[in-house]
Amino acid sequence: MKTRTILALVGIATILTGCFKEEFAFCPPDMNVTLHFRLPDPATRQGDTFLNDISTVTTVIYDDATGALVRTIVTNDADHRVFKGLHLSLAAGTYRVVSWGNSGNGTKFNALDTPYNNYSWLDYTDIRDNKTGNGDALYYAHHAGTATGADDEYTMTVDPSTGHEGTLDFHHAHRRIEIYVKGFSASGSNTPLIRLSGLPTGLSFLGMRPHTSSDRVTSELASQMVTVGASRAAAGAYALSPFNVFYLNTGDYDIGVGLLDPVTGDSVYTTRLNEHIDPLTDNPDNKMVLQLLIEFIGVEVKVSVPEWKSEDVDYGWWD
């Protein structure tokens, strides 16, 4: 009995040892490529907040010589909790790799199944009459810390004997524009409908570069009440609409900010983002979040830039 058991175990071991050579259908593929996902802090290029900030990733691999699309892989948070990256089996050669994180309900890919040299892009999921809702908190890889916030795609050479191992560094491909309002009152409501106009429609899939099109969109979000912590001098309740817009230099766009009556849709107050955010000092590569505070004080309206930290604000269900 023991002899038969030992022989059986030896037989199983022999099958598994020769698994890749024999190419049995039930055998796992020979993974010769490992790519790690990482999201460093944009200001310091240190640390890793990937698991906190990115839930889904779409990775596309192209043949470097021909530009042919080799593979598209979609991974989610459950996959990343097991391994924060990809294990792949690829033939020897050189490849270009592009990854996008968090494309969800607010954004969509276009022409993703085309070769490398064709134009693919991202834009808002739903645009009607140049109006849209909110975007997604997008992240792009590969990023090597360039001043523009974009870099060439990750290039890897798969050696026939050693394969390849490397890291895809992600970078924010969006700006979060938070509009806070205090003292607003219209139609019995203190939570206005907030509008951003003049926004870019999307980004290129390769390199997260702006659309060359002159088209612009308007995004509208109903505001909700949030609380600024008691540790701040400005502690209290504020109406907030947090917009996720595509990565942009504020100086390249004339973005309007409007507060609307949430019942009638009538305009109550308008201003321009660049009247309060200095486009000459705004660095989108290192700074993702822009904040504007609009206060109604009697018959006057005061606009300021609070620059609260995320821990200062109880975002509630917005977070």
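Keep in mind that what you see is a predicted model, and the values were worked out from it rather than measured.

Visitor: Mind showing me how you'd approach the overall build of the protein chain here?
Guide: Helix and strand counts for the protein chain stand at 4 helices and 23 strands. Out of the 319 residues belonging to the protein chain, those deemed buried represent 44%. Across the protein chain, every contact between residues at least 6 apart in sequence was considered, and the portion connecting residues at least 24 apart equals 69%. Split by element, the accessible area of the protein chain, about 16,100 Å² in all, is 51% carbon and sulfur.

Visitor: What should I look at first to understand the nonpolar core in this one?
Guide: As a rule of thumb, nonpolar side chains are buried together in soluble globular proteins. If you look at the biggest cluster of nonpolar residues, it comprises 40 residues, and the most contacted ones within it are Trp100, Ile179, Leu196 and Phe205. Looking at this core element by element, the count peaks at 4 residues for strand β18 (residues 236-246). Apart from the residues lying within four places of it in its own chain, the contact partners of Phe205 are Val60, Tyr62, Val98, Trp100, Phe109, Leu112, Ser120, Trp121, Leu122 and Tyr140. Counting 21 residues, the second-largest nonpolar core is a separate cluster that includes Ile73, Leu88, Tyr95 and Tyr139.

Visitor: When you look at the packing of aromatic side chains in this model, what are you seeing that I'm missing?
Guide: Aromatic rings in a pair are described by how distant their centres are and how their planes are angled relative to each other. Here the structure, examined in full by the defined rule, presents 14 aromatic pairs. Between the aromatic rings of Phe37 and Phe50, the centroid separation amounts to 5.5 Å while the plane-to-plane angle is 35°, which identifies the pairing as tilted. Highlighted residues: Phe37 in strand β1 (residues 33-38) and Phe50 in helix α3 (residues 50-53), separated in sequence by 13 residues. By relative accessible area, Phe37 is classed as buried at 1%. What makes Phe50 buried here is its relative accessible area of 0%.

Visitor: It is not clear to me how the side chain of Thr114 should be interpreted in this structure. Could you clarify?
Guide: With respect to the helices and strands, Thr114 occurs in the loop between β6 (107-110) and β7 (121-124). Of note is the side chain of Thr114, whose polar atom sits 2.8 Å from the backbone oxygen of Ala111. When near neighbours in sequence (up to four residues on either side) are disregarded, Thr114 contacts Tyr62, Leu69 and Ser120.

Visitor: Could you clarify how one ought to interpret the sheet that holds strand β13 (residues 174-182) in this entry?
Guide: Pairing between sheet strands relies on hydrogen bonds along the backbone, with the strands arranged either parallel or antiparallel. On the basis of which strands lie adjacent, the open sheet formed by 6 strands has the order β22-β21-β13-β18-β17-β23 and mixed pairing. Only two strands of the sheet have a single partner each, and these edge strands are β22 (300-304) and β23 (313-314). As judged from the 5 bridges shared by strand β17 (residues 224-228) and β18, these two strands associate in the antiparallel manner. Following the sheet pairing, Thr227 is matched in β18 by Ala237.

Visitor: Before we go on, may I ask you to explain unusual backbone geometry in this structure?
Guide: The bulk of non-glycine residues show a negative phi, and the bulk of peptide bonds are trans. In the segment running from Ala141 into His142, the intervening peptide bond is cis, with an omega of 25°. Inspection of the secondary structure puts His142 in the loop between β9 (139-141) and β10 (154-158). In this model, Asp129 sits at a positive phi of 55°, which is unusual for a non-glycine residue. Asp129 sits in the exposed class, given a relative accessible area of 75%. Even without glycine at this site, Met208 takes up a positive phi of about 45°. Checked against the element boundaries, Met208 lands in the loop between β15 (202-204) and β16 (216-222). When its relative accessible area of 2% is taken as the criterion, Met208 is described as buried.

Visitor: Even after reading the chapter, I still don't get the environment of Pro279, so can you show me in this structure?
Guide: Here Pro279 shows up in the loop between β20 (267-272) and β21 (289-297). Judged by its relative accessible area of 32%, Pro279 is partly exposed. Between the C-alpha atoms of Pro279 and Tyr253, which are 26 residues apart in sequence, the distance is 9.6 Å. Leaving out residues up to four positions away in the same chain, Pro279 has contacts with Thr250, Gly251 and Asn274.

Visitor: Please clarify how the pairing of strand β2 (residues 57-63) should be interpreted in this entry.
Guide: The element β2 is extensively covered by neighbouring structure, given that 6 of its 7 residues are classed as buried. In this sheet, strand β3 (residues 69-75) lies alongside β2 in antiparallel orientation, the contact comprising 6 bridges. If you follow Thr58 over to β3, its bridge partner there is Val74. Linking β2 back to β3 in an antiparallel pair, the connection comprises 5 residues, with Gly67 at a positive phi of about 80°. Direction of pairing for β2 relative to strand β5 (residues 93-101): antiparallel, over a ladder of 7 bridges. Residue pairing in the sheet places Asp63 in a bridge with Tyr95 of β5.

Reading the values: the criteria
Residues numbered from 1 in each chain as written. Predicted model: local features only at pLDDT ≥ 70, side-chain atom pairs only at ≥ 80, totals over all residues. Heavy atoms only, no water. Helix = DSSP H or I, 4+ residues; strand = E, 2+ residues; numbered from the N terminus. Buried < 20%, exposed > 50% of the residue type's maximum accessible area, 1.4 Å probe, protein only. Contact = heavy atoms within 4.5 Å. Areas by Shrake-Rupley, 256 points an atom, 1.4 Å probe, with all protein chains shown as cover. Core = buried A, V, L, I, M, F, W, Y, C linked by side-chain atoms within 4.5 Å. Phe/Tyr/Trp six-rings, centres within 6.5 Å; stacked < 30°, edge-to-face > 60°. Polar contact = N/O pair within 3.5 Å; in protein donor to acceptor, adjacent residues only side chain to side chain. Pairing = 2+ DSSP bridges.

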